[in-house]
Amino acid sequence: MEIFKYLETYDYEQVVFCQDKQSGLKAIIAIHDTTLGPALGGTRMWTYESEEAAIEDALRLARGMTYKNAAAGLNLGGGKTVIIGDPRRDKNEEMFRAFGRYIQGLNGRYITAEDVGTTVADMDLIHEETDYVTGISPAFGSSGNPSPVTAYGVYRGMKAAAKAAFGTDSLEGKTIAVQGVGNVAYNLCRHLHEEGAQLIVTDINKEAVQRAVEEFGAKAVEPNEIYGVECDIYAPCALGATINDDTIPQLKAKVIAGAANNQLKETRHGDQIHEMGIVYAPDYVINAGGVINVADELYGYNRERAMKKVETVYNNIEKVIEIAKRDGIPTYKAADRMAEERIERMRNSRGQFLQNGHHILSRR
Ligand SMILES: NC(=O)C1=CN([C@@H]2O[C@H](COP(=O)(O)OP(=O)(O)OC[C@H]3O[C@@H](n4cnc5c(N)ncnc54)[C@H](O)[C@@H]3O)[C@@H](O)[C@H]2O)C=CC1
Ligand SMILES: CC(C)CC(=O)C(=O)O
């Protein structure tokens, strides 16, 4: 990968490589765009095949956050961190504290939260070094684990997508294939089960599968079987790029609606599923519940207010589907259009200088 060429093509602002020999920290903070405000996005810890794969993931995820935050109506830009390592083996207190100091060094340009492989406890360690972290323990007045809220948003967004495909937003009796039953999807499955949906689940973690089978009467299949199962809705809730050349020909679902970030391997896969008549709920619109929830901390966290805002995921999915129909484009393009137009409007409206905060000569 030619990094600067890539950064230029997609307009990235900054990439920070963090290395701390003592703790083993190897992290990449990617800040994509701060037009709307400070970059907010989670920290993922994962065992990457290569450093290049980690950089690519950080960059793709950060750009996704710019679009997610813009589409959700938040006054936040997009950024993300990946920490290279096995979250079950390689974590230690010093690592997250060292990482916290790097975040502090960015002086508020980047605010973090949890993502795959990190927990509220990890965020609490980061908080020892910086205030620029959300989703820490509720005891600090914070919002805690964002996953159940993300799940609620995905559930609401799935209903909006179902309405477009089936004429009703009821999920009762619908068969839903869920890939990955981790933090978000476990909570999603609970909502779906309560509404009377039939669940088919898979995960590389057998315990996670067992829990869904026992608690929600889900049918379990092997990880590579999930794409081809007979179902109404496919819910990708593991990692990204699962909508690709290999999986699309297997899909039987009429709707794709799940929590995972970066579900389309390439944009042409979004065109392909559109041509097949599948209603695709764009990933960063449907999975915005978590970031909407943590972003409320910037105003002094209020659960009721945050949950009210999360309800807008339903309307945003409806809006994207409407734009797609009106303009005859796939939903992923409609979502991009919605996000880009907001960023552009805000960029342009800032063209005029108005005094904000300190007087420009105050430091003289
Ligand atoms: N946690 C949150 O609030 C948010 C999460 N997301 C995205 O949602 C997705 C899930 O996030 P979490 O539930 O927090 O992560 P998690 O790590 O708790 O769950 C992911 C699950 O997927 C499983 N998995 C991984 N590869 C798999 C494969 N090839 N086949 C089947 N299962 C596989 C893992 O074993 C794990 O149980 C991620 O893409 C994340 O970036 C997006 C927005 C917010
Ligand atoms: C987990 C969220 C709070 C933020 C994030 O990184 C995301 O939405 O992907």
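What counts, and at which threshold
Residues numbered from 1 in each chain as written. Chains lettered and ligands numbered in written order. Predicted model: local features only at pLDDT ≥ 70, side-chain atom pairs only at ≥ 80, totals over all residues. Heavy atoms only, no water. Near = heavy atom within 4 Å. Polar contact = N/O pair within 3.5 Å; in protein donor to acceptor, adjacent residues only side chain to side chain. Areas by Shrake-Rupley, 256 points an atom, 1.4 Å probe, with all protein chains shown as cover. Helix = DSSP H or I, 4+ residues; strand = E, 2+ residues; numbered from the N terminus. Nonpolar A, V, L, I, M, F, W, Y, C, P; charged D, E, K, R; others polar. UniProt positions renumbered as here; feature names shortened; annotations may be inferred. Contact = heavy atoms within 4.5 Å. Buried < 20%, exposed > 50% of the residue type's maximum accessible area, 1.4 Å probe, protein only. Domains from an automatic or database assignment. Buried area = accessible area lost by both parts, 1.4 Å probe. Salt bridge = Lys/Arg side-chain N within 4 Å of Asp/Glu carboxyl O.

Right, let's get into the site of ligand 2. Neighbouring ligand 2 are G41, G42, M65, K68, K80, A113, E114, N261, G290, V291 and V294. Here an oxygen atom of ligand 2 and a side-chain polar atom of K80 are 2.6 Å apart. With respect to ligand 2, the side chain of N261 contributes an N or O atom lying 3.1 Å from an oxygen atom. Burial of ligand 2 by the surrounding chains reaches 93%, relative to a free accessible area of 280 Å². Residue assignment for the shell around ligand 2 shows that the elements contributing at least two residues are α2 (51-71) and α10 (289-295). Of all the elements, α10 adds the most residues to the shell around ligand 2, at three residues. The residue makeup of the shell around ligand 2, split by class, is four nonpolar, four polar and three charged.

On to the UniProt feature "binding site: NAD(+)" (unreviewed entry) in the protein, then. In this structure's numbering, the residues bearing the UniProt feature "binding site: NAD(+)" (unreviewed entry) are G180, V181, G182, N183, V184 and A185. Those residues in contact with G180, other than ones at most four positions away along the chain, are A185, T202, D203, C237 and A238. Mapped onto the secondary structure, G182 falls in the loop between β7 (175-179) and α6 (183-194). Under the relative-accessibility criterion, G182 is labelled partly exposed at 33%.

In many analyses, interface size is given as the accessible surface area lost on bringing the parts together. Along its sequence, the protein is organised into domain 1 (3-65 + 77-135) and domain 2 (146-288 + 317-339). Using C-alpha coordinates to define each centre, domain 1 is positioned 26 Å away from domain 2. Taken together, the two surfaces of domain 1 and domain 2 that pack against each other cover about 750 Å², and 50% of this comes from carbon and sulfur. When the buried surface of domain 1 facing domain 2 is broken down by residue, W46, R60 and E114 rank first, second and third, together holding 52% of it. Joining domain 1 to domain 2, the criterion identifies zero salt bridges. Looking at the side of domain 1 that touches domain 2, the elements that each hand over two or more residues are β4 (43-46) and α2.

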